[in-house]
Amino acid sequence: MGSWGLIIALLALPVYYGLHDLIHGYQTGFINGHAVIHHDLTLLGFNLLEGLSNGAIWALIAIGYTLVYGIIELINFAHGDVFMIGSFTSVALWGALGITVATGPLGVIVGLVVVLIVTMLISGSLNVLIERVAYRPLRNAPKLAPLITAVGFSFVLQNVGLLWNGGNPVSVSDLVRQGDKLFNISGVTVHRGDVLAIGLMIPLVLGLSWFVNRTAPGRAMRATAQDPEAARLMGINVDHAISLAFMLGGMLAGAAGLVYALYENNVWYFQGFQAGLFAFTAAVMGGIGNVRGAVLGGLIIGIAQQLADFRLGAQWTEAVIFVYLILVMVLRPRGLLGEVTREAG
Amino acid sequence: MNELRAQINEWREAIAQRIPAAPRVIGGRWSRVFAPAALAFMIVLPFFFSSASGFMNATIIALAYVVMALGLNVVVGFAGLLDLGYVAFYAFGAYAVGWFGSSFFFNAHVSVLSSVAAGSIGIHLNFVLILICAMIVTSIAGVIIGLPTLRLRGDYIAIVTLAFGEIIGTLAVNGSDIHLGGGQTLTAGSLGISALDLPYFPGVGKFGLLSLRPWYWLILTIVVIVLFVVRRIRDSRLGRAWIALREDEIAAVSMGIPLVKTKLLAYAIGGAFGGVSGVFLADFNQTVNASQFQFTFSIFVLSMVILGGLGSIAGTALGALALSYINYYLIPDVLNTVPHDLGLNFDLTDLSIGIFGFLLVLVMVLRPQGLFPEQRRRLELAGTVASEQTELAGAGSASVTGGGGTGGGFG
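Residues numbered from 1 in each chain as written. Chains lettered and ligands numbered in written order. Predicted model: local features only at pLDDT ≥ 70, side-chain atom pairs only at ≥ 80, totals over all residues.

Caption draft 1: Molecular detail of the overall build of chain B. In terms of helices and strands, chain B carries 17 helices and 9 strands. Counting across all 411 residues of chain B, residues that qualify as buried make up 47%. Here the analysis covers contacts within chain B between residues at least 6 apart in sequence; of these, 75% occur between residues at least 24 apart. (Helix = DSSP H or I, 4+ residues; strand = E, 2+ residues; numbered from the N terminus. Buried ≥ 20, exposed ≤ 12 C-beta atoms within 10 Å, placed from the backbone. Contact = placed C-beta atoms within 7 Å.)

What follows is the structure in structure tokens.
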């Protein structure tokens, strides 16, 4: 019952709009004063593709939430703002490297790879620093105390962003010409931005899974998440393992920041707030502590967001996403793929 | 049975020996001497300031936040349900004034015990009636928000309440597109409903916008009532049930505490206080603007509760006063010109969220248990007690609570 209800709930929006397009059709423009009406699923496909691209960004951020929650059971409210700082850093970096729209393709690719690596390192280190200053001293404090320092750091980072780039969204140069069409999949045009977002997310997630599941530091991290006390007794440096989780989460947030800047072509000191909210929702929806769950949750939220933006109007997007979340929580209290935290073992 | 009782008594004695008497920061003397003195001071406070000063304005807002924080403390502090969507109750309270205390419903002509003449456009209820409406609406909203969280544990509750808060906020913003018929919309969206009825009490008269003193005494009265009520509830059967659920849900339920009823009452009662404060704040600001109902607000109030001392009534009130003064008085009014005086070319308000955030981090790192922690938590955190004894103290909390509860005061 629960599973079927869940599947029906999750598919409700896309199926509804698919049927709507097939039966009532949708209008793409005018030819000789007559509205052009189509009766196919191309528009829905377009929505889904855009949704996946957006979702790829949310997924990268959501992994940071899920790693940190899995290991120290803290909702890291500052994480969205680390993502924002990542965006700002990458824009500043490509400015410093002198990459502009006029730079040749090779220059752009090499330059952006450098920007990506440096941004990831900076965001990761920032996240580690936050953990060191604001969370580690509270390791044995009441459970909600670090939540407030997280909020505090989130405010501090927002203020940094505010002083850095001002109070309004700043448009940045469209380095990869993200709107250019690349190829068609049965009528749905794939743009460069989509390939960039999804194409960067997949290797990063695979790399992360490999690191967490196959390497010694990754195993130490998982052990700490499962039982910090036993891990300590086994000779694992718990502090290092926790720092590592923050490092990895911050790095992915930095990568997401770069993708966001290239994809949306603007940055804003407040962008981390909504991103953080959506990504945290994605992490919870997928099952907190579960990396695959975070990716799945991110993609679902991206699609829901895109459908709501496009079909209902952007002012309803948050409501749609949160109704989805409540449905998932009611039907599946531990998230779509199940949580991986201490109590659940 | 007798053996069990003997065993429990033995444990109690052991606890009494092992745990040094809880350090009484505030003892019985506080309630008898200091509380009336503090109250008298608060009552005469407005006479030392001009009636429209920035300080009075900040004080009134701070007291309204005290009510807000005490309400959230019921949910998060007493019952241990992390609520990140408290802004929903603020919104409901504010819309209670917007709907029932202005000419917003232009098709209606209702006036009940109000300063507005009968037959005027809109619904105009007396301020007290609006408060009651708000409490009813927010209690129901609390139950509705609470229902889906019953099956959830820990931080999942946080995200579901957050979701509700955001949905209510979105509805408020988009309410101007929701038509109820006759050209009437649900809310006025970000334009806001303004020109709200000023509080009016038969025999006392109508409040003015320029004289802040009546507003001050009104909110002070509300604060005193709420403090009294919250204290009585905490020490009641219901309050002890909340604390038992918070400490160990499974144990509490197996001892016969009704889970659903107890949890839902926490949301309902906590929500009702938020509604009261929302009514007051909206009326004081003279606008119900949908863009006020943001997640940040929930976080702001939660910071007050945790910073002050989760579960502690005095701590929560103190945290609310401290953070409100910092946010509404210290940074914008007092310290704003400091950089200029030092020869620097920026306003401190540019840094206000940063300073606020920095203070949150600093206070929490220095005092992880909050400014004024709950007595029970202070016991638990007493480092000299071995962990086994701490658990015993939790299990035998009846005696411990008795000590804390009868001590009196706002502890």
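Having seen the structure, we can now continue with the description.
Caption draft 2: A look at the overall build of chain A. When its secondary structure is counted, chain A shows 12 helices and 6 strands. For 345 residues, the compact-globule estimate of 2.2 N^0.38 gives 20 Å, and the C-alpha radius of gyration of chain A, at 21 Å, lies within 12% of that figure. Considered along the principal axes of its C-alpha atoms, chain A spans approximately 75 × 55 × 35 Å. Scored against the burial criterion, the 345 residues of chain A give a buried share of 50%. (Rg over C-alpha atoms; globule rule 2.2 N^0.38 Å.)

Caption draft 3: The interface of chain B and chain A, seen in detail. Every contact between the two is made by 35 residues of chain B and, on the other side, 34 residues of chain A. Where the side of chain B that touches chain A is concerned, the elements lending two or more residues are helix H6 (154-174), helix H11 (295-309) and helix H14 (352-366) of chain B. The dominant element in the side of chain B that touches chain A, judged by the number of residues it contributes, is H6(B), at 12 residues. A per-class count over the side of chain B that touches chain A returns 24 nonpolar, 6 polar and 5 charged. (Nonpolar A, V, L, I, M, F, W, Y, C, P; charged D, E, K, R; others polar.)

Caption draft 4: The arrangement of the sheet that holds strand E2 (residues 109-112) of chain B in detail. Pairing is mixed in the open sheet, where 3 strands are placed in the order E1-E3-E2 (chain B). In this open sheet, the two strands that pair with only one neighbour each are strand E1 (101-102) and E2 of chain B. (Pairing = 2+ DSSP bridges.)

Caption draft 5: Looking closely at helix H7 (residues 213-235) of chain B. Residues and elements named next belong to chain B. If you check H7, its first and last C-alpha atoms are 33 Å apart, about what 23 residues at 1.5 Å a residue would give, namely 33 Å. Every buried residue belonging to H7 is among Trp-215, Tyr-216, Leu-218, Ile-219, Ile-222, Val-223, Val-226, Leu-227, Val-230, Arg-231 and Arg-234, and all of these are buried. Against the buried residues of H7 lie helix H3 (54-78), helix H8 (237-247), helix H10 (259-285) and helix H12 (313-334). (Expected span 1.5 Å × (residues − 1).)

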